[in-house]
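# Fold and contact review
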Amino acid sequence: MDADVVVVGAGVSGLAAARALALDGQRVVVLEARDRIGGRTWTDDEIGVPVDLGASWIHGVDGNPLWALAPRFGIETVEFTVGSFQFDGRPIAWHGPSGAPLSEASASAFVADLHTVDAALDTVVAHAPPPSTYAAAVDTVLRSLQWQGDRAARVREYMAHRSEDLCGAPVTVLDARGLEEEHVPGDEVVFPGGYAQYAAALADGLEVRLSAVVRSVTQSTTGVVVGLADGSTVTADDVVVTVPLGVLQAGDVTFDPPLSETVTGAMGRLGMGVYDKVFLRFPERFWGGSWVVRQQGPAGVDWHSWYDMSRVTGAPVLAALVGGTGARRLETLPDAMIVDEGIGGLRRMFGPSVPEPEAFRITRWADDPFARGSYSYLHVGASPDDHDRLGAPSGRVQLAGEATWGDDPATVHGALLSGLRAAGRLLGTEVEPLSLATPVPR
């Protein structure tokens, strides 16, 4: 055997599993298809300052293992509690459909409407007959309130944007219970030095083979054989596979024998969302003191939210976060057209004096063959239990990753905990997250 355990994927989930196993004395080999570690955590400084092209936030610091690990890994954080598409609590600049800023009274009335709808949604969702979409649940609430016209339209579009932001999916295919997974206890934080610091800390001391594209996993009574695209193989007693849900759904990795019906059934029901980022660096800061700028109406269909990253980077950077259908559309366009669209949206709100950006960076996660999307979501007809079903063992194969963690899917801490669950199953004992701060013996 080449190793006791092969881990496929050097994202946070795979690295957490590998580190836990190595700390227990297991011989572990990590195979990563990319030429870098981190997976969907990817920090890049092409625009002159570090920005996170993938995951950005710790969503809720209370009881979060990533928050507890940050000081142990020497990772600096900055509070930025708007990453779960909150509609108040932090400074948000609302712009009406015309592009003009909403008055304080109009903004307050709109936020009050969102609170009213949010409170009513809990009951509607709890009684929604499956399969029901989140869009249908929102419509049910609006009918009960007898809201029509622009008032109802503004609420519908906000809820649609929230679905796109949190799930990377249109509100019309998100299950009515799809946002029940979005619990954020406590503030949210981001990282001036980038999320990639976690991957670097977790990988320290591990054997990670880059540009190692896995195509097959074959298991027998004596072990597993992992086949790579270059024709080579790696053998081990067990394997932990942490490739994203989109890669599994595409069949890019084949399993012999096939994964259990429990796993494949869940795989077919869950959805893989798309969430992209457009970073623009400007010569100066022109957007005022709000943490987020939000555009209502048709002009904000794809360009509805701009985040002030100068709070994190120290440089005048805005980030547009685009999910669902909008993200898939932008991925078909050349960079120049995307930048022009974004600048047009900003000039609609701030006037023709908005300068051209000095630099930009654009993501395309759906087009990434090693991701095929950004994160999982509860597609209409799926069950919240399908996340954990996806992570059920299939013989010597353990699946891990954010899509397999039912409590907090689509989060980095969910990915980390799923990796520790897989490692714990192989070791026969629960693994404490803080143990990951222990150096791996050389």
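Throughout this document, residue positions are counted from 1 along each chain, in the order its sequence is written. Given that this is a predicted model, residues contribute local features only at a pLDDT of at least 70 and side-chain atom pairs are listed and counted only at 80 or more, while totals for whole chains, interfaces and linings are drawn from all residues. In computing side-chain values, all of the structure's heavy atoms are included and hydrogens and water are not.

## Digging into the pattern of salt bridges
- Note on definitions: salt bridges are taken to be side-chain nitrogens of Lys or Arg within 4 Å of carboxyl oxygens of Asp or Glu. Under the counting rule described, the total for this entry stands at 24 salt bridges.
- A salt bridge links Arg209 to Glu207; the nearest nitrogen and oxygen atoms lie 3.0 Å apart.
- Using a 1.4 Å probe on the protein chains alone, a residue whose accessible area is under 20% of its type maximum counts as buried, one over 50% counts as exposed, and one in between counts as partly exposed. The class for Arg209 is partly exposed, based on a relative accessible area of 33%.
- Given a relative accessible area of 39%, Glu207 falls into the partly exposed group.
- Where Arg347 meets Glu356, a salt bridge forms, and the shortest distance between an N and an O atom there is 2.9 Å.
- Judged by relative accessible area, which is 30%, Arg347 ranks as partly exposed.

## A word on helix H3 (residues 104-126)
- By definition, any uninterrupted DSSP run of H or I lasting at least four residues is a helix, any uninterrupted run of E lasting at least two residues is a strand, and each is numbered from the N terminus. By this rule the span expected of a helix is its residue count minus one, scaled by 1.5 Å. Its 23 residues give H3 an end-to-end C-alpha distance of 34 Å, which sits within 8% of 33 Å, the value for a rise of 1.5 Å per residue.
- The angle separating two fitted axes, one through the seven residues that finish at a residue and one through the seven that start at it, defines the bend at that residue. Of all the bends in H3, the greatest, near 30°, is centred on Ala120.
- Those residues of H3 hidden inside the fold are in contact with strand E6 (92-95), helix H4 (134-145) and helix H5 (149-167). Contacts are residue-level and defined by heavy atoms, with any inter-residue pair within 4.5 Å sufficient.

## Looking at the environment of Ser232
- Tracing the backbone through its elements, the reader meets Ser232 in the loop between strand E10 (224-228) and strand E11 (233-241).
- Ser232 sits 99 residues away from Thr133 along the chain, and the two C-alpha atoms are 45 Å apart.
- Residue contacts for Ser232: discarding those within four places in its chain leaves Val226 and Gly227.
- Polar contact is the term for a pair of N or O atoms within 3.5 Å; when the atoms are in protein, one must be able to donate a hydrogen and the other to accept it, and sequence-neighboring residues count only if both atoms are side-chain atoms. Here the side chain of Ser232 touches Asp230 through a polar contact of 2.6 Å, side chain to side chain.

## Re the sheet that holds strand E15 (residues 292-295)
- Spatially, 6 strands are ordered E6-E15-E16-E17-E14-E18 in an open sheet, and the strand pairing comes out mixed. Since the sheet does not close on itself, it has two edges, and those belong to E6 and strand E18 (359-362), each with one partner. When the angles between neighbouring strand axes are averaged without regard to direction, this sheet yields 20°.
- Pairing between strands requires that DSSP locate at least two bridges from one strand to the other. With 4 bridges joining them, strand E14 (residues 275-281) and E18 adopt antiparallel strand pairing. The residue of E18 that forms the bridge with Arg281 is Ala359. Here an angle of 0 to 180 degrees is reported between the N-to-C directions of two axes, which are lines fitted to C-alpha atoms, with helices fitted over the stretch in contact.

## Structural notes on helix H1 (residues 12-23)
- For H1, built from 12 residues, the straight-helix expectation of 16 Å at 1.5 Å per residue is met to within 8% by its first-to-last C-alpha distance of 16 Å.
- Counted residue by residue, H1 has 11 buried out of 12 residues, so it is predominantly covered.
- Among the residues of H1, Val12, Ser13, Gly14, Leu15, Ala16, Ala17, Ala18, Arg19, Ala20, Leu21 and Ala22 are the ones counted as buried.
- Taken together, the buried residues of H1 touch strand E1 (3-8), strand E2 (28-31), helix H6 (196-203), strand E8 (208-209), E11 and helix H13 (412-427).
- Gly25 sits one or two positions beyond H1 and adopts a positive phi of about 95°.

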